[in-house]
Amino acid sequence: MERLSYEFPGGNPIPTANSAVLIGVLGSGNLEVLVESASLGGACRIEIETAAFGFGRIWEAVLTDIFDQWRVGDVRISINDAGATPAVVSLRLNQALQAFAGKKP
Amino acid sequence: MSRWNKLGVNRAARIERASHVAKGKIVDATRIGDLLEQVIEPGDRVCIEGNNQKQADFLADALAHLDPAKVHDLHIVQSVLALPEHLDVFERGVASRLDFSFSGPQAARLARLLSSGKLKIGAIHTYLELFGRYFTDLTPRVSLVCAQAADREGNLYTGGNTEDTPVIVEATAFRRGVVIVQANEIVDRVPRVDIPGDWVDFVVRSPRPHYIEPLFTRDPAQISEVQVLMAMMAIKGIYAEYGVRRLNHGIGFDTAAIELLLPTYGESLGLRGKIATHWALNPHPALIPAIEAGFVESVHSFGSELGMENYVRARPDVFFTGPDGSLRSNRALSQTAGLYGCDMFIGSTLQIDLAGNSSTATLGRIAGFGGAPNMGSDARGRRHATEPWLRAGREADAGGIPRGRKLVVQMVETFREHMEPAFVERLDAWELAESAGLELPPVMIYGDDVTHILTEEGIANLLLCRNDEEREQAIRGVAGYTPVGLARDKRMVGNLRDRGVIRRPEDIGVDPAIATRDLLAARSMKDLVRASGGLYDPPTRFRSW
C-alpha cells in the first residue's frame, strides 16, 4: 500500500453546500473516488491510497491534467485505488467531478 | 510413364502397403498407428489439420506416438499449433521441421523447443500465405484432417467448422498425396458433401469427437467502461465518419464492445443500414443483438463458433449455410473476403512503436500471426471503388494517379493490465527475433498499413500525417501517460489536433460521462441467450447459471 498526496492551489471554490459524491468500486483494476467540500483556502487536495507502488509520476501527470481541466478549489478528493490504469482514473475522476459540480468543466 | 508419374507410383505403393489395415477406406481406430506407419515415409511433408478452432486431435496424438526409429524427420506444415500433441511430435523426434501460421496456446513451449534445437522453423506465415505455399513449394505428401461425419466412400461433412479442410485436401489429393480423415461418426449418408469422397483415402472413426475451441466468445460482463468509451469513439469517429459498411473485426473485448454498441449507441446516431452491414467474421455471439436489431445484412465466416449452431441455422439470410441448414465456413475464402472485399479492419494489439508498427510478440513466446495481417493490410491488388476506400485514399494524398486505401485501425488502451505500456520506443519483436534466430522481427501490422490508432485519449489519423515527424507526434499524442505519450511535443500535438489529425472524444462529440456499461446491448452471457430468443447455447465454461 502506498499513500500519495497532492495539492493544487488557485482553483475556483465550489459552494460548500454541494453534497459529497462517491463513485466507483474497489475491485481489481478499479478505484473509489470520494469528492467533498473542504476549507482549503481555495486549494484542491487529492489523497491517494493505492495498491500499486512506484507510479507517483504518472499519478501526478494524470491529476495535473484533471486539475487544469476543472480548476476546482476548496475540494478534497480521496482515492482508494486497486490498480486502475490512468484511463480508468481519468474516467472516474471526470464522472465524480461532473456529479459533484453539477456541470461539465 | 513412371518417369513422369513418380508421385503417382509412390502414392500407389503407400496405399498398397496400408491395404491390409483398412476395409475399403475405413480403418479401425485401434489400427491408426499401423496405418500411419505404412503410409508415412521418413522426411515426408505432413499437414496436420490444426485450425483456429477445429483440431484433428486423435490423428495428431497418433502421429506423435509413432516410433521415431521408423518415422522421423517429418516436415510439419500446419496453420495452428493449439494442442500439446502438436509439439510432442518434435519433442519425441518424429518431426524436425515446421512451417506454420499461429501457435497462441503453445507459444512458450514452441520457443523452448526451438532454443533446445528440437525443431527448425522454416517461416511463420499468415493463413493465406501458408495456404498459397500448399500449392507451390509446401505441398503436403500426407494430410491428417478432421470431419464431423463421413460415409464409406469417404464423402465428408465438416459441419459448421469447415475452416481449412478444403484447402488442405485439395492441395494434397491433386498432387498424388494421401488424405487421412478422423470423423466423429461414420454414416450411411452425410447431410451434405463438403469434401467429395474420391479426394479421400482413409477414414477412421475417432473414439471421441474432435476438439473445438470457442475462441471467439467474449463474456459481455467483462467489458470495461474504458472499452465502452473507445467503442463509442470508433463508431462515431471512424465507422460513421467514413460510412464503413464492409468490415472485419479482430478478436477481443475492444471489438466485442463495438458489436454490442451498434444497436444502442449506433442506433441513437441513426446508423442502422449505413454502417457495418457486410462482415467477414466468425459467428461472434456478441454480434447477436446487432443482427436482431437489423444492422447486419451478411456474415461470411472463417470457422464456426461453439454454441452458435442453432442461431446460425435460424438466420439463413444473414449467414452462409448449406441446403442442410448448417453453416458453411471456409478460412481461405473468408480471408480473401477480408483482404479484398472489406473496407476496414479493426483489431487490438499489444505494442505499437513510434512508426505505428504493431506487434503481439512478447519475449519467450513465438505466437505467430494467424489471419490479422491479411485483413490488416492495404490490398494493393484491389481495383473496385467504394466511398470509404476512396476517402481514405484522398486523405493519404500520395500524389500521382488516384487510388484508394483500406482502413486499418489499431485499437488499444494506452496501458494493458499490470501497467504495461502499449506504446514503446522499440517493439519486443526485435529482441524475440534475435533470441529465436528469426529472419524478421514478427510484426503483426506494418506501420505503413495502419491508418488509425484509437486509444482512450483519442484517434490519430495517420493518413493525414505528411512526414515521419508528424506521424511520431500523432502517435505520441494518443499514447496517454505512457513514457512515449509523456515525451510528446505539446505544441506540435496541439497543432495536429487543430488540423484534425488527432481527435479527442470531445472533438467528435463523444461524452465520456455516458460511457457506462448501461450502453451495452447485452451485459452478460444470459443477455446474449435472451437476445437470440434462446437459440444461442453457450459452452458450459461461459455459463454461471
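Here, the structure is the one placed above.
So, here's what we can say about the structure. All of these numbers come straight from a predicted model, not from anything done at the bench.

### With respect to the interface of chain B and chain A
It is common to report an interface's size as the accessible area lost on association of the parts.
1) Next: Contact residues are listed per partner, giving 15 residues for chain B and 17 residues for chain A.
2) Next: Here chain B packs against chain A, burying approximately 1,300 Å² in sum over the two surfaces, 68% of which is carbon and sulfur.
3) Next: In this assembly, chain B and chain A are joined by two salt bridges.
4) Next: One salt bridge connects D511(B) with K104(A), and the closest N-O pair in it is separated by 2.6 Å.
5) Next: Our enumeration of links across chain B and chain A arrives at three residue pairs in polar contact (both at pLDDT 80 or more).
6) Next: Within the side of chain B that touches chain A, the residues separate by chemical class into nine nonpolar, one polar and five charged.

### Concerning the sheet that holds strand 3 (residues 21–24) of chain A
Residue and element names in this part refer to chain A.
1) Next: With mixed pairing, the five strands of this open sheet are ordered in space as 1-5-7-4-3. Each edge of the sheet is formed by a strand with only one pairing partner; in this case those strands are strand 1 (2–8) and strand 3. Shown here is a sheet whose adjacent strand axes are inclined to one another by a mean of 15°, direction ignored.
2) Next: Of the strand pairs in this sheet, strand 3 and strand 4 (residues 31–37) are connected by four bridges, and their pairing is antiparallel. Considered in strand 4, the bridge of L22 is made with L34.
3) Next: Its contacts with the sheet place helix 2 (residues 86–101) against strand 3, strand 4 and strand 7 (75–81), and it is angled at close to 30° to strand 4.

### Some points on the nonpolar core
1) Next: In terms of nonpolar packing, the biggest core is built from 99 residues, with I77(A) and I79(A) touching the most fellow members.
2) Next: Take this core: its biggest share by element is twelve residues, from helix 8 (residues 225–242) of chain B.
3) Next: If we skip the residues at most four places from it in the chain, I79(A) touches L31(A), E32(A), V33(A), I46(A), E47(A), I48(A), E49(A), W59(A), L63(A) and L93(A).
4) Next: Judged by nonpolar contacts, the second largest core, of 80 residues, contains V46(B), V142(B), F302(B) and I445(B).

### Structural notes on the pairing of strand 6 (residues 120–124) of chain B
All names here are of chain B.
1) Next: Judged from the three bridges that link them, strand 5 (residues 95–102) and strand 6 form a sheet pairing that is parallel. Bridged to R97 within strand 6 is K120.
2) Next: Regarding topology, helix 5 (residues 107–115) serves as the crossover connection from strand 5 to the parallel strand 6, and that connection is right-handed.

### Here's the deal with the sheet that holds strand 14 (residues 344–348) of chain B
Residue and element names in this part refer to chain B.
1) Next: Spatially, the eight strands line up as an open sheet ordered 13-12-11-14-17-18-19-20, and their pairing is mixed. A single partner strand is all that each edge strand has here, and the edge strands are strand 13 (298–300) and strand 20 (502–503).
2) Next: Where strand 11 (residues 246–249) meets strand 12 (residues 278–280), two bridges bridge the pair, whose relative direction is parallel. Following the sheet pairing, R246 is matched in strand 12 by H278.

### Topic: the packing of helix 6 (residues 127–134) of chain B against helix 12 (residues 331–341) of chain B
All names here are of chain B.
1) Next: For the pair helix 6 and helix 12, the least separation of the axes is 10 Å and the interaxial angle reads 130°. Judged by the inter-axis angle, helix 6 sits oblique to helix 12. The way helix 6 lies across helix 12 gives a crossing that is left-handed. Two secondary-structure elements touch here, helix 6 through Y127, L128 and F131 and helix 12 through R331, A332, Q335, T336 and L339.
2) Next: Grouping the amino acids of the contact of helix 6 with helix 12 by side-chain chemistry returns five nonpolar, two polar and one charged.

Definitions and cut-offs
- Residues take numbers from 1 onward in each chain, read along the sequence in its written order.
- For this description, chains carry letters from A and ligands carry numbers from 1, given in the order in which they are written.
- Only residues with pLDDT of at least 70 get local features here, since the model is predicted, and only at 80 or more are side-chain atom pairs given and counted; chain-wide, interface and lining totals rely on the full set of residues.
- Water and hydrogen atoms play no part in the side-chain values, which are based on all heavy atoms of the structure.
- For this analysis, residues touch if any pair of their heavy atoms sits within 4.5 Å.
- For any pair of parts, buried area is found by adding up, for both, the accessible area (1.4 Å probe) each one loses once the two are put together.
- The salt bridge definition used is simple: a Lys or Arg side-chain nitrogen within 4 Å of an Asp or Glu carboxyl oxygen.
- Here a polar contact is taken to be a pair of N or O atoms separated by no more than 3.5 Å, where protein atoms must pair a possible hydrogen donor with a possible acceptor and residues adjacent in sequence count only if both atoms sit in side chains.
- In this count, Pro and Cys sit with the nonpolar residues alongside Ala, Val, Leu, Ile, Met, Phe, Trp and Tyr, while Asp, Glu, Lys and Arg are called charged and the others, Gly among them, polar.
- Only strands joined by at least two bridges in the DSSP assignment are considered to pair.
- Secondary structure counts use DSSP, requiring at least four H or I residues in a row for a helix and at least two E residues in a row for a strand, with both numbered from the N terminus.
- In this description, a line fitted to the C-alpha atoms serves as the axis of each element, helices being fitted only across the stretch in contact, and the angle between N-to-C directions of two axes falls anywhere from 0 to 180 degrees.
- The criterion is simple. A nonpolar core is a set of buried Ala, Val, Leu, Ile, Met, Phe, Trp, Tyr and Cys residues joined through side-chain atoms within 4.5 Å.
- Think of it in three bands: with a 1.4 Å probe and only protein chains considered, a residue is buried below 20% of the maximum accessible area for its type, exposed above 50%, and partly exposed in between.
- For crossovers, right-handed means that the path from the first strand over the helix to the second runs clockwise, given strands pointing away from the viewer.
- In this scheme, roughly parallel covers angles under 35 degrees and roughly antiparallel covers those over 145, while 65 to 115 is roughly perpendicular and the rest are oblique.
- Here a crossing is taken to be left-handed if its near helix is turned anticlockwise relative to the far helix by less than a right angle, and right-handed if that turn runs clockwise.

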